[in-house]
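Observations on the three-dimensional arrangement
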Amino acid sequence: MRADPCPRRRQLRGRNSAIERLSNSSLAASGTKPALDRDQLEPGIVHLGLGAFARAHTAMFTEEAMLATDDLRWGIVGVTQRSDTVARQLAPQDGLFTVAERGEGAAPARVVASIVEAISGRDNPELVVERIGAGATKVLTLTITEKGYRFDPQTRTLDLGDPEIQADIAGRAPRTAVGQIVRGLQQRARTGAGAITVVSCDNLPGNGELTSTLVRNFAEALPAGEQEDLLAWIDSNASFPSTMVDRMVPATTEADLAAVERELGLRDEAAVVAEPFKQWVIEDNFAAGRPRWEDAGALFSTDVAAWESAKLRLLNASHSMLAYLGLAAGKETISDAVGVDAFRTACRRMMLEEALPSITLPAELDGEGYCEEVLRRFANPALGHTTAKVGSDGSQKVGLRLLTTVRGTLDAGREPQWAALAVAAWMHHVATTAEPDLNDPLAKELQAALPEPRTADTVVSALLGFRAVVDPYLAGHEGFRNLLLHWYRIIDNNGTIEDRLAGLGREINHG
């Protein structure tokens, strides 16, 4: 690992000279060591999007697979995307970080050693391409969130009008994830580095197929002399399996870092907090080798789509519903929001009465039991998952998580009462949050679409007409519009927060 470019370690020692920073040497001096000997690992995976989720999920599954098989060829080269923070945090720690589980059944804090290098993709894009193009790299994994794919959700194709995509296509050192993938594949094709598997681990239906489409869209936009051979190489040497991932990993707070410091006796700036539960369902479609993730608890399935639908339409949809209802009611965390009886009821009814009847579940999954488990997991107060964080990037999430259930319920001849409540709560959040505070890649466009005054009628009409989120069929459906108006007027109560909660409670319980 490169030396830390910021003097964080010196600052920490100045603040408390008794506490050392986590590293191989400090951990050894404390009389403990990671389960894996990081010096024995060989890099075999490049991961784009080295956030908290990747470290608490993909990095842990990979470490456990290497421990189970003693196959140490799967060290992870982690790449940060928009920020270099995690790369700077991991550098002085020799790539080590702690996963601290919170909640019933939590394991002791664990130091994970599966990351062999951390790169700032923003600052070192050529190095990212080099690592993807290396012959030792057999798997490329991604957790870049919905907006990181830079695609049009209506057409599921690459947004070729995106300025960052255009710059990458024009030949700059790539800074978008799709650009980095394609330039890395291009290097492999030139050097004969061999086949590779690209594994999306984001909450998107058909995430493997989508990633494949976006990669090919980018390649097709390259100059004629580049694209033909590259597309042929991709067809023969790259695969894009779909996956479903699940683990709740809130943003790490200073209190979390202090708790890890007390438990570990060392300062870990890259520590992550997670619930005990974790799940990974993977389509077994690999072009080259891979870790035996199944030995770490992953499930390989021929029906990943059914697992994806269950996760998106049950867990993720309810997460979003609770976030927007919680924001409207002044609730800071998801556990606070699900603690409101009426909100819990609305979530349960949306899952049982609207989502479940409109999806096909995996054979192994008990739908009603899954719904109850989701609500139990949301109620874990130790996670501190904030409604603001879960409610961010709504323009990228509402369509996939909620409008799919709205459409499925309408198509079945029923009213999507509860999904409409969640969508109305999102609309209220957009309409009542100033643009600088609206954490959404389309914040400027959303705010520009809203007229003054912002009433139920004007907001619902404007956001139903926002084509980046709502398709023409739903925008023109009078029954759906009336449900949105009904719920929006209740949420937009001009009284106190208590008045709003009481009004929502009465209407939800009445419904």
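Given the structure is predicted, the values throughout are model-derived calculations rather than measurements.

The next point concerns the side chain of Ser120. Relative to the assigned elements, Ser120 resides in strand 5 (residues 115-120). Judged by its relative accessible area of 6%, Ser120 falls in the buried class. A polar contact of 2.9 Å, which involves the side chain of Ser120, links it to the side chain of Asp123. Residues contacting Ser120, with those up to four places away along its chain left out, are Thr80, Asp84 and Ala87.

Before going further, it helps to spend a moment on helix 9 (residues 207-220). With 14 residues, helix 9 ought to run about 20 Å at 1.5 Å a step, and its terminal C-alpha atoms sit 20 Å apart, in line with that. Buried within helix 9 we find Asn207, Gly208, Leu210, Thr211, Ser212, Leu214, Val215, Asn217, Phe218 and Ala219.

Turning to the sheet that holds strand 10 (residues 238-239), a few remarks are in order. Here we have six strands laid out as an open sheet, ordered 5-2-1-6-9-10, and parallel in their pairing. Edge positions in the sheet fall to strand 5 and strand 10, since each has one partner strand and no second. Direction of pairing for strand 1 (residues 43-48) relative to strand 2 (residues 75-80): parallel, over a ladder of five bridges. By the bridge assignment, Pro43 is partnered in strand 2 with Gly75.

It is worth spelling out the nonpolar core at this point. Ranked by size, the top nonpolar core spans 165 residues in total, and within it Trp293, Phe343, Leu421, Trp426, Met427 and Phe480 carry the most contacts. Ignoring anything within four residues of it in the chain, the contact list for Trp293 reads Ile45, Phe61, Thr62, Ala65, Val139, Trp280, Ile282, Phe286, Ala298 and Phe300.

In this section: the pattern of salt bridges. A full pass over the atoms with the stated rule returns 32 salt bridges. The closest approach of N and O atoms between Arg88 and Asp84, which form a salt bridge, is 3.2 Å. Looking at Arg88, the relative accessible area reads 26%, which means it is partly exposed. Note that Glu275 and Arg377 form a salt bridge whose closest N and O atoms lie 2.5 Å from each other. Taken together, the residues span a long stretch of sequence, with Glu275 in the loop between strand 12 (272-274) and strand 13 (279-283) and Arg377 in helix 15 (residues 367-378) at a distance of 102 residues. Shared partners join several salt bridges into a network, and the residues in it are Asp284, Arg290, Arg292, Glu294 and Asp295.

Read across the sheet, three strands follow the order 4-3-12 without closing on themselves; strand pairing throughout is mixed. This sheet does not close on itself; its edge strands, each paired only once, are strand 4 (110-112) and strand 12. Adjacent strand axes in the sheet meet at a mean angle of 30 degrees, parallel and antiparallel pairs treated alike. In this structure, strand 3 (residues 97-101) lies alongside strand 4, joined through three bridges in antiparallel fashion. Of the residues in strand 4, the one forming a bridge with Val99 is Arg110. Here helix 4 (residues 58-69) sits on the sheet and contacts strand 3 and strand 4; the angle it forms with strand 4, its principal contact strand, is near 85 degrees.

Rules and cut-offs
- Residues numbered from 1 in each chain as written.
- Predicted model: local features only at pLDDT ≥ 70, side-chain atom pairs only at ≥ 80, totals over all residues.
- Heavy atoms only, no water.
- Helix = DSSP H or I, 4+ residues; strand = E, 2+ residues; numbered from the N terminus.
- Buried < 20%, exposed > 50% of the residue type's maximum accessible area, 1.4 Å probe, protein only.
- Polar contact = N/O pair within 3.5 Å; in protein donor to acceptor, adjacent residues only side chain to side chain.
- Contact = heavy atoms within 4.5 Å.
- Expected span 1.5 Å × (residues − 1).
- Pairing = 2+ DSSP bridges.
- Core = buried A, V, L, I, M, F, W, Y, C linked by side-chain atoms within 4.5 Å.
- Salt bridge = Lys/Arg side-chain N within 4 Å of Asp/Glu carboxyl O.
- Axes fitted to C-alpha atoms, helices over the stretch in contact; angles between N-to-C directions.

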